[in-house]
Amino acid sequence: MSEIGFPLIIVNFKAYPEVEGEGALSLARTCAAVAEASGVSIVACPPMVELGRVASSVKIPVMAQHVDYRTPGSATGWTTAEMVRRTGAVGTLVNHSEHRLNLDDIRAVISACKRADLKTCVCADSALTSGEVALFAPDMVAVEPPELIGGDVSVTNAKPEVVVEAVRTVHQVEPSIPVLCGAGIKNGHDVKRAIELGAKGVLLASGVVKAKDQRQALSDLIRFI
Ligand code: G3P
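Residues numbered from 1 in each chain as written. Predicted model: local features only at pLDDT ≥ 70, side-chain atom pairs only at ≥ 80, totals over all residues. Heavy atoms only, no water.

Trainee: Tell me about unusual backbone geometry, and please be specific about residues and values.
Mentor: A cis amide bond, omega 0°, links Phe6 with the succeeding residue Pro7. Despite not being glycine, Ala137 has its phi angle at roughly 55°, a positive value. Relative to the assigned elements, Ala137 resides in the loop between helix H5 (127-134) and strand S6 (140-143). Classification of Ala137 by relative accessible area gives partly exposed; the value is 38%. For Ala183, which is not a glycine, the phi torsion comes out positive at approximately 110°. By the secondary structure assignment, Ala183 is in the loop between strand S7 (179-182) and helix H8 (188-196). With a relative accessible area of 6%, Ala183 lands in the buried category. (Helix = DSSP H or I, 4+ residues; strand = E, 2+ residues; numbered from the N terminus. Buried < 20%, exposed > 50% of the residue type's maximum accessible area, 1.4 Å probe, protein only.)

And the structure:
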């Protein structure tokens, strides 16, 4: 369970009030319990301030939501890839829709992560951008149409063609890079559809973090895997 496997569910905790303080550890433990019981690979992405505590407390892979490209040293207020690796986290999201970077910075962050042995899941807002970021050889690409993020309509229902096209553009560059999809993913049917469309998993947030019963929401998500 400590390795990232596929199909993969990445739960981005974002900065929701539900994951402030103890909430982050509690949700990460729920992710770990569901992963353990089901054998499905689930990654937790807690807020940066809880990263170390969460990474040292659960056996599932933990990733940061963002990391900076700076090298260790005089870099006040920046978070280096080395610092993230030292927490026990195994990777990071890069270029999330709510934390956008330009292409040069995405390339620099990926290279900083390779230096520190951190896996990268680079987010992209379209199929075209997915292909562009694939050129930097990330470990995964996650396509997420921004207008569907946080909503009730899943990308797999509203824009299935974006998922199919993102898989195609990424695999034109490098067939071994797994492509995930996200935005509005809420249940097991959405995850099943994502896999049918060629994705290797999903990146989601509100469907789990804001759920009345987080464990139930996670169990539902993985029920067809
Ligand atoms: O990082 C996950 C994301 O941006 C999608 O959010 O709430 O639509 O699952 P959500």
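Trainee: Residues and numbers for the site of the ligand, please.
Mentor: Taken together, Asn12, Lys14, His96, Glu144, Ile149, Gly150, Ala183, Gly184, Leu203, Leu204, Ala205 and Ser206 make up the full set of residues adjacent to the ligand. Taking Glu144, its side chain carries an N or O atom lying 3.1 Å from an oxygen atom of the ligand. Of the residues assigned to the shell around the ligand, the class counts are 5 nonpolar, 5 polar and 2 charged. (Near = heavy atom within 4 Å. Polar contact = N/O pair within 3.5 Å; in protein donor to acceptor, adjacent residues only side chain to side chain. Nonpolar A, V, L, I, M, F, W, Y, C, P; charged D, E, K, R; others polar.)

Trainee: Help me get a handle on the pairing of S6, residues and values and all.
Mentor: Where a strand is regular, its side chains alternate between the two sheet faces. With burial as the criterion, each face of S6 is covered, one bearing Met140 and Ala142 and the other bearing Val141 and Val143. Here strand S5 (residues 119-124) pairs with S6 via 4 bridges, running parallel. Bridge pairing in S6 places Cys121 opposite Met140. In this fold, S5 hands off to H5, which returns the chain to S6; that crossover is right-handed. Judged from the 3 bridges that link them, S6 and S7 form a sheet pairing that is parallel. Across the sheet, Val141 pairs through a bridge with Val179, a residue of S7. (Pairing = 2+ DSSP bridges. Right-handed = clockwise from strand over helix to strand, strands pointing away.)

Trainee: So what about the packing of H5 against helix H7 (residues 160-173)? Which residues, and what values?
Mentor: Their axes nearest at 8 Å, the elements H5 and H7 cross at an angle of 25°. Considered as vectors, H5 and H7 are oriented roughly parallel to each other. You can see that H5 and H7 cross each other, and the crossing is right-handed. Contacts between H5 and H7 involve Ala127, Ser130, Gly131 and Ala134 on the former and, on the latter, Val162, Glu165, Ala166, Thr169, Val170 and Val173. Of the residues that constitute the contact of H5 with H7, the class distribution is 6 nonpolar, 3 polar and 1 charged. (Axes fitted to C-alpha atoms, helices over the stretch in contact; angles between N-to-C directions. Parallel < 35°, antiparallel > 145°, perpendicular 65-115°, else oblique. Left-handed = near helix turned anticlockwise from the far one by under 90°. Contact = heavy atoms within 4.5 Å.)

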